[in-house]
Amino acid sequence: MVTFGAITYTQADHGKTFKYTIRETDSQRPGYTYTDVIYHAAVTPYDNGDGTMRYDIVYTDDEGHVIDDPLADNGVVFENTYKSDGQLTITAHKTLIGGELKDGQFKFEIDRVVTENGETTLELVSTGTNDADGNVTFDPIKYDQRDNDQSYLYVIREVQSGSGSVIYDGHYALVRADVTDNGDGTMSVQTDFDVSEKCWECGGDGTVSSAGDCEACGGTGTITSDASSLMFENYGQPGDLDIQKTVSNPEDADPEQTFTFRVELTNNDGQPVEVNPG
């Protein structure tokens, strides 16, 4: 309810009608929208003859319709809206050991961790891919005023596409985001990458049925994350190498002679490629 300052009348105003316009002032506060609706009030004061006065007030809208109750939902109402927004952008890094990294080769996702009634589910909020230099950029996670004072836990992970030539990095990275509305149409997001949570994928025992150690937590039962957890490392799948040696004059060759070969794995640019030591 809006209360205005007092307007003073005297006996000289007895029986006179004073007309007023009621409107909202746009104070240019960021994030707010203001209404241009106009109302009118006609005030007629009367002298009671005992040193006091009474008043008749008639409220109307800008089209002249009489408003019976100015405090009702359909009375003298000024409706404003407030909108605030902000976003969080997370980046990660990708390396491929034993292969040449290509732009868009691997996919990643960010999921919001939701735990209700003891059950944890993941809700997809953002996706991303790597570039040829290994940089992984995700779509921004967006917030509005409804997220004020909320704390969200996210998991960043690689999507395993099932390529038989790659050993995927199955670990989970965590980040907690605390969201605050600044009251001026903007929002602040504070992030914490040092997070430790009981692993919901294995229930905390470190194993996933017959598959062995849980990849999400590395078999520890707890997902422990810091900023370095945003590094994802894949390996080229081991393969077989068949080398054959032939001689141009086998009839003159010594069948007992031994040949030594040096094998070096390189990429398309001729640079040596690191291989999985395992």
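Just above sits the structure.
What you see is a predicted model; the values in this text were computed from it and never measured. (Residues numbered from 1 in each chain as written. Predicted model: local features only at pLDDT ≥ 70, side-chain atom pairs only at ≥ 80, totals over all residues. Heavy atoms only, no water.)

Here four strands make up an open sheet; going across it, the order is S1-S3-S4-S5 and the pairing antiparallel. Each edge of the sheet is formed by a strand with only one pairing partner; in this case those strands are strand S1 (18-23) and strand S5 (66-67). In this structure, S1 lies alongside strand S3 (residues 38-47), joined through six bridges in antiparallel fashion. Residue pairing across strands places Arg23 opposite Ile38, the latter belonging to S3. (Pairing = 2+ DSSP bridges. Helix = DSSP H or I, 4+ residues; strand = E, 2+ residues; numbered from the N terminus.)

The next point concerns the sheet that holds strand S10 (residues 119-130). Note: strands within a sheet are paired through backbone hydrogen bonds, in either parallel or antiparallel orientation. Read from one edge to the other, the open sheet built from nine strands follows the order S14-S19-S8-S11-S10-S9-S13-S15-S16, with strand pairing classed as mixed. In this open sheet, the two edge strands, each paired with only one partner strand, are strand S14 (166-167) and strand S16 (187-192). For strand S13 (residues 150-159) and strand S15 (residues 173-181), the ladder comprises seven bridges, and the chain directions are antiparallel. Counterpart to Val155 in the pairing with S15 is Leu174.

Take the layout of surface pockets next. Think of a ball as big as a water molecule: rolled over the atoms, this probe shows where empty space is left. What the largest pocket holds in volume is close to 830 Å³. For the largest pocket, the lining is made up of 23 residues, of which Val2, Thr3, Phe4, Ile22 and Tyr59 are closest to its centre. Counting only elements with at least two residues in the lining of the largest pocket, the list comes to S1, S3 and strand S4 (53-61). Top contributing element to the lining of the largest pocket by residue count: S1, with four residues. (1 Å grid on protein atoms, 1.4 Å probe; cavity = no way out; pocket = protein on both sides within 12 Å on 5 of 7 lines; lining within 4 Å. Points joined across faces, edges and corners; volume = space filled by probe spheres on them.)

Ile90, Phe138, Tyr143, Tyr154 and Ile156 are the most contacted members of the largest nonpolar core, which has 24 residues in total. If you list the elements that add at least two residues to this core, you get strand S8 (91-97), strand S9 (107-116), strand S11 (135-138), strand S12 (141-144), S13 and S15. Here the element with the most residues in this core is S15; it accounts for four residues. For Tyr143, the contacting residues outside a window of four places in its chain are Ser84, Asp85, Gly86, Gln87, Leu88, Tyr152, Tyr154, Ala177, Val179, Met187 and Val189. (Core = buried A, V, L, I, M, F, W, Y, C linked by side-chain atoms within 4.5 Å. Buried < 20%, exposed > 50% of the residue type's maximum accessible area, 1.4 Å probe, protein only. Contact = heavy atoms within 4.5 Å.)

Inspection of the secondary structure puts Ser126 in strand S10. A distance of 2.5 Å separates the side chain of Ser126 from the backbone oxygen of Asp139, its partner in a polar contact. Not counting residues up to four positions away in its chain, the partners in contact with Ser126 are Phe108, Glu109, Ile110, Phe138, Asp139 and Ile141. (Polar contact = N/O pair within 3.5 Å; in protein donor to acceptor, adjacent residues only side chain to side chain.)

This paragraph deals with the packing of aromatic side chains. For any pair of aromatic rings, geometry is given as the distance between the ring centres together with the angle between the planes. A full pass over the atoms with the stated rule returns nine aromatic pairs. Measuring from centroid to centroid gives 6.1 Å for Phe106 and Tyr168, while their planes differ by 85°, and the two rings are edge-to-face. Of this pair, Phe106 sits in the loop between S8 and S9 while Tyr168 sits in the loop between S14 and S15, and the two are 62 residues apart along the sequence. Aromatic ring contacts, followed pair by pair, group Tyr9, Phe18 and Tyr55 into a single cluster. Cation over ring: Lys94 sits above Phe106, and NZ or CZ is 5.0 Å from the ring centre. (Phe/Tyr/Trp six-rings, centres within 6.5 Å; stacked < 30°, edge-to-face > 60°. Lys NZ or Arg CZ within 6 Å of the ring centre and 35° of its normal.)

Turning our attention to the state of the cysteines. The tally for this structure, following the rule as stated, stands at zero disulfides. Cys202 takes part in no disulfide bond, and the closest cysteine sulfur to it belongs to Cys199, at a distance of 3.6 Å. As a non-bridged cysteine, Cys217 has Cys202 as the owner of its nearest cysteine sulfur, 3.8 Å distant. Assessed through its relative accessible area of 9%, Cys217 is described here as buried. (Disulfide = S-S within 2.5 Å.)

What follows is about the pairing of S11. What you see with S11 is a clean split: Val136 and Phe138 sit on the buried side and Asn135 and Thr137 on the side with no burial. Of the pairings in the sheet, the one linking S8 to S11 comprises three bridges and is antiparallel in character. Directly across from His93, in S11, lies its bridge partner Asn135. Bridging between S10 and S11 involves three bridges; their strand directions are antiparallel.

Inspection of the sheet shows S9 paired to S13 by six bridges, in the antiparallel sense. The partner of Ile110 across the bridge, within S13, is Ile156. Note: S9 against S10, 10 bridges, orientation antiparallel. In the strand pairing of S10, Arg112 is matched with Glu123. Counted along the chain from S9 to the antiparallel partner S10, the turn is two residues long, and its residue Asn117 has a positive phi close to 55°.

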